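Topology and contacts: notes
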Amino acid sequence: MLKTPHHLEYLDVLLKVFSEATVVQTHRDPRVAVTSFCSMVAHGRGMFSDHVDPTEIGRHWCDKTHRMVEWAMKTRAETPGGRFVDVSYYDLTRDPMSQLRRIYEVAEIDFDDEARRMAEQYVAANPQNRFGKHHYRLEHFGLSEQDMDETFATYRNAYAIPFE
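First, a word on scope: everything that follows refers to the structure included in this document. (Residues numbered from 1 in each chain as written. Predicted model: local features only at pLDDT ≥ 70, side-chain atom pairs only at ≥ 80, totals over all residues. Heavy atoms only, no water.)

Ranked by internal contacts, the top residues of the largest apolar core, which has 26 residues, are Ile-57, Trp-61, Leu-143, Met-148, Phe-152 and Tyr-155. Of all the secondary structure elements, the ones that give two or more residues to this core are helix H1 (11-17), helix H2 (30-46) and helix H3 (54-77). (Core = buried A, V, L, I, M, F, W, Y, C linked by side-chain atoms within 4.5 Å. Buried < 20%, exposed > 50% of the residue type's maximum accessible area, 1.4 Å probe, protein only. Helix = DSSP H or I, 4+ residues; strand = E, 2+ residues; numbered from the N terminus.)

Structure (structure tokens):
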């Protein structure tokens, strides 16, 4: 299991090395996803530096994330069907069990009673915002809704990603 946006740039390599892999790609409003990531980077940098430039972080990660999703879309277009499961963040948070069943089905893994029970326990023990809600704003990172919408329009349209 790989859980980082960095893997989007290397889906071609991943699929060559793990030829039987099923890739689950979640999709969320880029305005929120990129800003959240920028916030995490800024906090991480702040632990090791007296100078953190939020605008530099925003510009860098907006550009990098755009490059990653474009590269992933290219790789996906060149890959035979059946290797990817697209999961809307909103469907996942609304009904995680049905999304998990769907992922198992596409990956041809038996979603037996034990798997279901363990998943239900995990969901119950880890509600969204369990440790509080993290607040961040595009503007803090020198980004605007218009910048994000223009930059990620192709990606948003390809996966029918709603605006939050």
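After presenting the structure, the write-up continues.
Here we take up the packing of H2 against H3. Contact geometry for H2 and H3: axes closest at 10 Å, N-to-C directions at 130°. By the angle between their axes, H2 is oblique relative to H3. Note on packing geometry: the crossing formed by H2 with H3 is right-handed. Across from Val-34, Phe-37, Cys-38, Val-41, Ala-42 and Arg-45 in H2, the residues of H3 making contact are Glu-56, Ile-57, Gly-58, Trp-61, Cys-62 and Thr-65. Residue composition of the contact of H2 with H3, grouped by class: eight nonpolar, two polar and two charged. (Axes fitted to C-alpha atoms, helices over the stretch in contact; angles between N-to-C directions. Parallel < 35°, antiparallel > 145°, perpendicular 65-115°, else oblique. Left-handed = near helix turned anticlockwise from the far one by under 90°. Contact = heavy atoms within 4.5 Å. Nonpolar A, V, L, I, M, F, W, Y, C, P; charged D, E, K, R; others polar.)

A few words now on the environment of Val-85. In this structure, Val-85 sits in strand S2 (residues 84-88). Expressed as a C-alpha distance, the spacing of Val-85 and Phe-152, which sit 67 residues apart in the sequence, is 20 Å. Ignoring anything within four residues of it in the chain, the contact list for Val-85 reads Thr-22, Val-23, Val-24, Gln-25, Arg-102, Ile-103 and Val-106.

Packing of helix H5 (residues 96-107) against helix H6 (residues 113-125) brings their axes to within 11 Å, and their N-to-C directions diverge by 140°. If you check the angle between H5 and H6, you find them oblique. In this structure, H5 crosses over H6, and the sense of that crossing is right-handed. Here Pro-96, Met-97, Leu-100 and Tyr-104 of H5 lie close against H6, whose contacting residues are Ala-115, Arg-116, Ala-119, Glu-120 and Val-123. Tallied by class, the residues present in the contact of H5 with H6 amount to seven nonpolar, no polar and two charged.

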